[in-house]
Every structure is written in C-alpha cells, then in structure tokens.
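# An overview of the molecular structure
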Amino acid sequence: MSTRRQFIGQSSALLAGTALFSSSSWMSLASAASEGEMLRRTIPSSGESVPAIGMGTSGSFEVTPGSPQYQALKEVLRRFFDGGGTIIDTAPTYSNAEDVLGPLLDEAKLRPKAFIATKLSGVSGRAEGLAQFQKSLKSLRTDKVELLQVHNLGDWKTQLAVARELKEQGKVKYTGITHYLDSAHDQLADVVQETKPDFLQINYSVTNRGAERRLFPMAQELGIAVLANRNFNDGRMFNQVKGKALPGWAAEVGITSWAQMFLKFCLSHEAVTAVIPATGKPDRQSDNLKAGFGPLLTPAQKKEVIELVG
Ligand SMILES: NC(=O)c1ccc[n+]([C@@H]2O[C@H](COP(=O)([O-])OP(=O)(O)OC[C@H]3O[C@@H](n4cnc5c(N)ncnc54)[C@H](OP(=O)(O)O)[C@@H]3O)[C@@H](O)[C@H]2O)c1
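Residues numbered from 1 in each chain as written. Predicted model: local features only at pLDDT ≥ 70, side-chain atom pairs only at ≥ 80, totals over all residues.

### A short note on the overall build of the protein
Each helix and strand counted, the protein has twelve helices and ten strands in total. When contacts within the protein are restricted to residue pairs at least 6 apart in sequence, long-range pairs at least 24 apart make up 78% of them. (Helix = DSSP H or I, 4+ residues; strand = E, 2+ residues; numbered from the N terminus. Contact = placed C-beta atoms within 7 Å.)

What follows is the structure, given as structure tokens:
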C-alpha cells in the first residue's frame, strides 16, 4: 500500500502533464499537496492561515460523558489534530457539546492547538450575551476563544456588538455571523454587507449551492472568511449516492469516498475558508480529513458531481 506522501506525489505527477488544470487555486493546492500538508486558507482580516478541514460538534458531541460514544470522541479528536485540523465549531445551545468538548481538549492537552469557534445563541440583550459567553468559557475550559459567532442572526445587532466588545478585550480573536438555511441567505448577505464581520458561516454542499449567488462573491469582495456548514446536508446526501460509483477520475484527485468528494467540492470554491463536517466516528473523521489533500476539482468535475448526486 502506498503512503499518503507517495500517493500525493503520484497524483501530482499524473496531473502535472494535464493542461486542463491550470487555475491558480489548483496550482496553489498542488504545491501544498506535494509537501504532504493539508490545504490551508487565509483569514482575510488578519492574514492568518488555517487548515481547510475543520469539524462540527452538533449531534456528534451531544453525548453522555463516560459512554462509548464519549470514548470514541477522544479518538475523533486525536485523529483530527494528528491529521492537521484545528477549527472546531460548537455552540452553547448544542445541549452539552461544549461541556464535552472542553474537558476532552483539556485532558488531551489539545486546547493550545485548537481554533475554537463558538456562538452567542438564543440570547437577547447585552447582559444575556455576556453571561452566555462566560458560561461557554467555563464549559470549554478556556479564557478566550478564536471565533465568536452570532448564531442564526438572533438579536444580531446587540450580539454582534457584544462579540466586538469581547474582541476589543482580547477574549475573542474574530467575530462572525452564522445561518444554515437557504431561506436566510439574503438576510445574512444584507447583514454581512452592513457589518463586515471577520467570518460568515453558511450551509454549502453539492445539493445546496445558494451561497454561490450572493454570499460567496460578497465574502471575496469584502475580505470575509467563510465556514461552510452542512457539507453533507446533515447526512442526507449519502442516501442520494447509495449504490452510485464515484466518477472514474476520483482517484486522480485523491478521492476514495463520497464524503471526500462532497467536502472537496465545497473547498473547490475559493471563497470557502474551511468546511466543518460533523462525525462522532473515528474512521469517518479520518475519511473526512483526506479531502484536504490532493488537487481541487475543476469546474467540469464539479458539474459532473452535481449531475451524479442529483
Ligand atoms: N446555524 C449554524 O451556525 C449551524 C447550523 C448547522 C450546522 N452548523 C455546524 O456545522 C456542523 C456540520 O453540520 P451538521 O452536523 O448539521 O451536518 P453535516 O456535517 O452535513 O452531516 C453530519 C452527518 O453526516 C454523517 N457523517 C459525517 N462524516 C461522514 C462520513 N465520512 N461518512 C458518512 N457519514 C458521515 C454524520 O454521522 P455520524 O456522526 O454518525 O458519523 C452526521 O449524521 C455542525 O456540527 C455545526 O457545528 C452550524
């Protein structure tokens, strides 16, 4: 069996002679891949570079401490960091996800490596926002977070001001605004245009491409980083490809599973800074991480995937 480095070398060599792949994004990824490193993207507001495969915690981290699912998360996290990941998205309203994530990072001494993205969620008014953030810090066993996002546009004017206040105090590195529904894209775009946060987070997948219309061009124009959520449409996309073979060219771009194809599709849009797929299963985590290696998809390949998934 070939190692990942050998495999990437083979892929790069294969593609080096292919005149088709000449876009700047492909060239920059090809050079990253040849060094055996995960694809990285830059946060426009700071110039900081981050790995393009992140992870979510909705569902997957809402488990009982000490349960088999909880034990499996230790390995999910170990593989994530060993594979080059850092960005972990969570929220105080994902039941006990922050209370699970915090101790697991702390016990494995992984907090210094993590880029924690949490949220101000379901709160109203400055006092509630600040109190919720304090509780998040306690749950996450930390004194600051890398990204604080206003969840689903809730009370967004006040909560974004809270996030910015905390950023000024050094308790938050970046601010952001999130949503997960196509029906909210226009409102989110209006708010992003008006407030220019460091990050926006939105749903984006092979089957939900609405963000390409306004949000992604806006993010590129205004210099806003993008976290793409629901890359598997909450897992539904796996049913759509049941029994369908991957395209013949998949191996040439380092893809061996539909999960990798779905994630690489998202990363093939230059506006996307990172994807944040959620799983509680170690082998699926390893699978997802592989999407951060090897060439991106060309426009023709993306079109073929859209048609295949249906
Ligand atoms: N408004 C917001 O801010 C917002 C909204 C939605 C989501 N999010 C964030 O985005 C993250 C991702 O979204 P999501 O959790 O809704 O959905 P998702 O990532 O699209 O899908 C998760 C589903 O895919 C399955 N899965 C993961 N990796 C797989 C693989 N390699 N092969 C097969 N199945 C796989 C998971 O099952 P298993 O767990 O059984 O592996 C789970 O059922 C969330 O966790 C959250 O952090 C934010």
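### Remarks on the pairing of strand β7 (residues 172-178)
Burial within β7 is extensive, with six of its seven residues counted as buried. Here strand β6 (residues 145-150) runs beside β7; their pairing, made up of five bridges, is parallel. Directly across from L148, in β7, lies its bridge partner T175. Read from β7 through helix α7 (residues 185-195) to strand β8 (residues 199-203), the crossover connection turns out right-handed. (Buried ≥ 20, exposed ≤ 12 C-beta atoms within 10 Å, placed from the backbone. Pairing = 2+ DSSP bridges. Right-handed = clockwise from strand over helix to strand, strands pointing away.)

### So, the site of the ligand
Taken together, 30 residues are adjacent to the ligand, and G56, S58, Y180, G235 and A259 come closest. In terms of residues, the shell around the ligand owes the most to one element, helix α11 (residues 282-289), which gives three residues. By residue class, the composition of the shell around the ligand is seven nonpolar, 17 polar and six charged. (Near = placed C-beta within 6 Å. Nonpolar A, V, L, I, M, F, W, Y, C, P; charged D, E, K, R; others polar.)

### A word on the pairing of strand β5 (residues 115-120)
Each regular strand displays side chains that alternate between the two surfaces of the sheet. With six of six residues buried, β5 lies mostly within the body of the structure. In the sheet, strand β4 (residues 87-89) pairs with β5 via three bridges, with the strands oriented parallel. For D89, the partnering residue across the bridge sits in β5 and is A117. For the crossover that starts at β4, traverses helix α4 (residues 97-107) and ends in the parallel β5, the hand is right-handed. Bridge analysis of β5 against β6 gives four bridges, and the strand direction is parallel. Within β6, the residue paired with L120 across the bridge is V150.

### As for the sheet that holds β7
Whether parallel or antiparallel, the strands of a sheet pair through hydrogen bonds between backbone atoms. One open sheet accounts for eight strands, arranged β3-β4-β5-β6-β7-β8-β9-β10; its pairing is parallel. Because the sheet does not close on itself, it has two edges, and the strands there are β3 (55-56) and β10 (274-275). Bridge count for β7 against β8 is three bridges, and the pairing is parallel. Looking across to β8, one finds that I177 is bridged to L200.

### Concerning the packing of helix α3 (residues 68-82) against α11
Remark: α3 packs on α11, axes separated minimally by 8 Å, with the N-to-C direction vectors making an angle of 20°. Classified by the angle their axes make, α3 and α11 are roughly parallel. When you trace α3 past α11, the crossing you get is right-handed. Every residue of α11 that contacts α3 at A72, E75, V76, R79 and F80 is listed here: P282, Q285, S286 and L289. Residue composition of the contact of α3 with α11, grouped by class: five nonpolar, two polar and two charged. (Axes fitted to C-alpha atoms, helices over the stretch in contact; angles between N-to-C directions. Parallel < 35°, antiparallel > 145°, perpendicular 65-115°, else oblique. Left-handed = near helix turned anticlockwise from the far one by under 90°.)

### Quick word on the environment of V191
Within the fold, V191 resides in helix α7. On a C-alpha basis, the gap between V191 and I177 in space is 8.6 Å, while along the polypeptide they are 14 residues apart. Not counting residues within four places of it along the chain, the set of residues in contact with V191 comprises L153, W156 and I177.

### Digging into α7
Among the residues making up α7, those that are buried are L188, A189, V191 and V192. Down the axis of α7, the buried set is contained in an arc of 165°. They therefore lie on one face. Packing partners of the buried residues in α7 comprise α6 (156-168), β7, β8 and α8 (215-222). Looking one or two places after α7, you find K196, whose phi comes out positive at around 45°. (Arc of directions from axis to C-beta.)

### What about unusual backbone geometry?
At S95, a position not held by glycine, the phi torsion is positive, near 35°. Within the secondary structure layout, S95 lies in the loop between β4 and α4. Here N233, not a glycine, exhibits a phi torsion of approximately 50°, which is positive.

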